[in-house]
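# Notes for the structure review
Each chain, letter by letter, is given below.
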Amino acid sequence: MSEPTHVTRDGRRIVVAASVERAGRLLAARRTRPAALAGGWELPGGKVEPGEDPSAALVRELREELAVDAVVVGRVAGPLHGDWPLDDGHVLRVLRVHLAPDSEPAPGIAHDVVRWLSPDELGDVAWLEPDVVPARAAAGRLPTWVDFPSGAVAGEGRVLRVDRLDADRVGVVVDRTPFHPLDHGWPDQPGDAGTLDGARVHDCLTGTVDDDGQLLVGGAVDVRRGDPSRTWVVVHLLDAAEAPVPGALVALAVDGVARSALSRGHSACHLAALALNQTTARFWSKEPSRRDSRGFPFLDQIAIQVSRITPDGAYDAYRCGRSLRKAGFDAEAFLAERDDVARDAEQLLAGWLATGATSVVDTGGDPTLTSRRTWRCDVPGGPAVIPCGGTHVPDLGQLPRIRVEYLPTDEGFEQLTHVG
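What counts and how
Residues numbered from 1 in each chain as written. Predicted model: local features only at pLDDT ≥ 70, side-chain atom pairs only at ≥ 80, totals over all residues. Heavy atoms only, no water. Helix = DSSP H or I, 4+ residues; strand = E, 2+ residues; numbered from the N terminus. Buried < 20%, exposed > 50% of the residue type's maximum accessible area, 1.4 Å probe, protein only. Contact = heavy atoms within 4.5 Å. Lys, Arg positive; Asp, Glu negative; His and termini not counted. Charge placed at Lys NZ, Arg CZ, Asp CG, Glu CD. Axes fitted to C-alpha atoms, helices over the stretch in contact; angles between N-to-C directions. Parallel < 35°, antiparallel > 145°, perpendicular 65-115°, else oblique. Left-handed = near helix turned anticlockwise from the far one by under 90°. Nonpolar A, V, L, I, M, F, W, Y, C, P; charged D, E, K, R; others polar. Polar contact = N/O pair within 3.5 Å; in protein donor to acceptor, adjacent residues only side chain to side chain. Phe/Tyr/Trp six-rings, centres within 6.5 Å; stacked < 30°, edge-to-face > 60°. Pairing = 2+ DSSP bridges. Salt bridge = Lys/Arg side-chain N within 4 Å of Asp/Glu carboxyl O.

### A word on the overall build of the protein
In terms of helices and strands, the protein carries 7 helices and 25 strands. A buried classification covers 50% of the 420 residues belonging to the protein. Considering only contacts in the protein between residues 6 or more positions apart, those separated by 24 or more positions represent 68%. The protein carries 45 positive and 61 negative side-chain charges, and their two centres are separated by 3 Å.

And the structure:
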């Protein structure tokens, strides 16, 4: 006979609690009953009924108490076989939860107020005693807050963990950082270097933490970017001898000179891509599968295979195979006229740079590493809008000139972009 799901193996009743995550914040709810708990804050949830799956019970409780539809994506593991001790007869099982789109918590009978708390705001509410430690652990499973989209090169963060990566290096995770990490899935812009409390940060990588607490870094990450079953973190690589202490508040400083050069290269790369789209529009004989934000065939996204940002430049490789030819792009004609196309692109780029237009990275209000960031720049003829996780110049006045070259390859062509 199978074990009932509402109790643990040692017979304790399971109480489920939700670590509801949204845009780097944790949901807290203030209880109204019973009288002994009224006014205290908790992770919302309730008891698991006999024969009920704990995840299903939590989804039910959230719908009944806060009128939201939720999906359980993981667990905040506690010290008691993954649970958190409550008393001799009960344990608390904290499950990570994401809400359905457009689902907004509404206080009901059991709660009169709800709040979204950043990690720094956890102490702003009076947590019920059983929720104090689990709430802190839940906040530790939120994705890293990042400040690089605004151009920041300095900040403070609290050390969440220090993991030995090899004999000489450790990976340091903080709750908030200005460092831009190398993306494991699309490694176009290198990670920042700099210092953490004076210790040299040799590199910065994307990492994930699973429900067992295991940290995977860089190429070892085995899921797609943003997979909700993992916590996505920025990992700063330091010499093991200079590792900070977990819990310490540390100062972070990015190498601003190197960042600026990469930002110029990244902005130039995007502008060159849009110029490529516009100046090659005449080589399409059919309606393309995608158009860019300015209305031109999106050759860059349709054909790109590799993109690498360099200081004051970029390298992009494009595939022009049979499928692209069937789609209506005349690659042979383009390559035959590539010098003329490059000249036209550079003239177009010069006109855009002369405007000094503002360049921004829009995070949609989500300050975390996993936000859907978009680069926007109001160039003449329509806004430049490209999904992007990197860093950029604040305005086109930072780019004195952009030069492009198109070189044939066995698979198609490569674009070399140079600033200056």
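### What to know about the packing of helix α3 (residues 256–279) against helix α7 (residues 338–354)
α7 packs onto α3 with a crossing angle of 125° between their chain directions and a minimal axis gap of 9 Å. Relative to α7, the element α3 lies oblique. Of the two possible hands of crossing, α3 and α7 adopt the one that is right-handed. Here L271, A272, L274, A275, Q278 and T279 of α3 lie close against α7, whose contacting residues are V341, D344, A345, L348, L349, W352 and L353. Across the contact of α3 with α7, the residue classes break down as 10 nonpolar, 2 polar and 1 charged.

### So, the environment of V146
Relative to the elements of secondary structure, V146 occurs in strand β9 (residues 145–146). Overall, the relative accessible area of 6% leaves V146 in the buried class. V146 sits 87 residues away from V233 along the chain, and the two C-alpha atoms are 9.5 Å apart. With near-sequence residues (within four places) excluded, V146 lies in contact with T177, V234, P367, T368, L369 and R373.

### Examining the side chain of T231
Within the fold, T231 resides in strand β17 (residues 231–239). On the basis of relative accessibility, which here comes to 2%, the residue T231 falls in the buried class. There is a polar contact of 2.7 Å between the side chain of T231 and the backbone oxygen of R141. For T231, the contacting residues outside a window of four places in its chain are R96, R141, L142, P143, G207, T208 and V209.

### A word on the packing of aromatic side chains
Counted according to the given criterion, the structure contains 8 aromatic pairs. When the ring of F283 is compared with that of F329, the centres are 6.5 Å apart and the planes differ by 80°; the resulting orientation is edge-to-face. With F283 in the loop between α3 and α4 (299–303) and F329 in the loop between α5 (322–326) and α6 (331–336), the pair connects residues that are 46 residues apart, well separated along the chain. What makes F283 buried here is its relative accessible area of 6%. On the basis of relative accessible area, F329 is assigned to the buried category, the value being 2%. Aromatic rings pair up to connect F283, W284, Y318, F329, F334, Y406 and F413 into one cluster.

### Considerations on the sheet that holds strand β22 (residues 374–377)
Spatially, the 3 strands line up as an open sheet ordered β21-β22-β23, and their pairing is antiparallel. Each edge of the open sheet is held by one strand with a lone partner, namely β21 (359–362) and β23 (384–387). Looking at each pair of strands side by side, their axes are set apart by 20° on average, direction ignored. Examined bridge by bridge, β21 and β22 share 4 bridges and lie antiparallel to one another.

### So, the pairing of strand β19 (residues 304–310)
One ladder, built from 6 bridges, connects β19 with strand β20 (residues 313–319); its direction is antiparallel. Note that in β20 the partner of R308 across the bridge is Y315. Where β19 folds back on β20, the antiparallel hairpin that results is connected by 2 residues, among which D312 adopts a positive phi of roughly 55°.

### Topic: the pattern of salt bridges
Within this structure, the stated rule accounts for 25 salt bridges. Across the salt bridge formed by R60 and E64, the nearest N and O atoms sit 3.3 Å from each other. Note that R60 and E64 are positioned in helix α1 (residues 54–66) at a spacing of 4 residues, about one turn of the helix. Overall, E64 belongs to the exposed group, its relative accessible area being 54%. R176 is the salt-bridge partner of D147, the closest N and O atoms lying 3.0 Å from each other. Here D147, found in the loop between β9 and β10 (154–164), pairs with R176, found in strand β12 (residues 176–177); they are 29 residues apart in sequence, far enough to count as distant. Classification of D147 by relative accessible area gives buried; the value is 18%.

Such coordinate-based values are descriptive only and should not be taken to indicate function.
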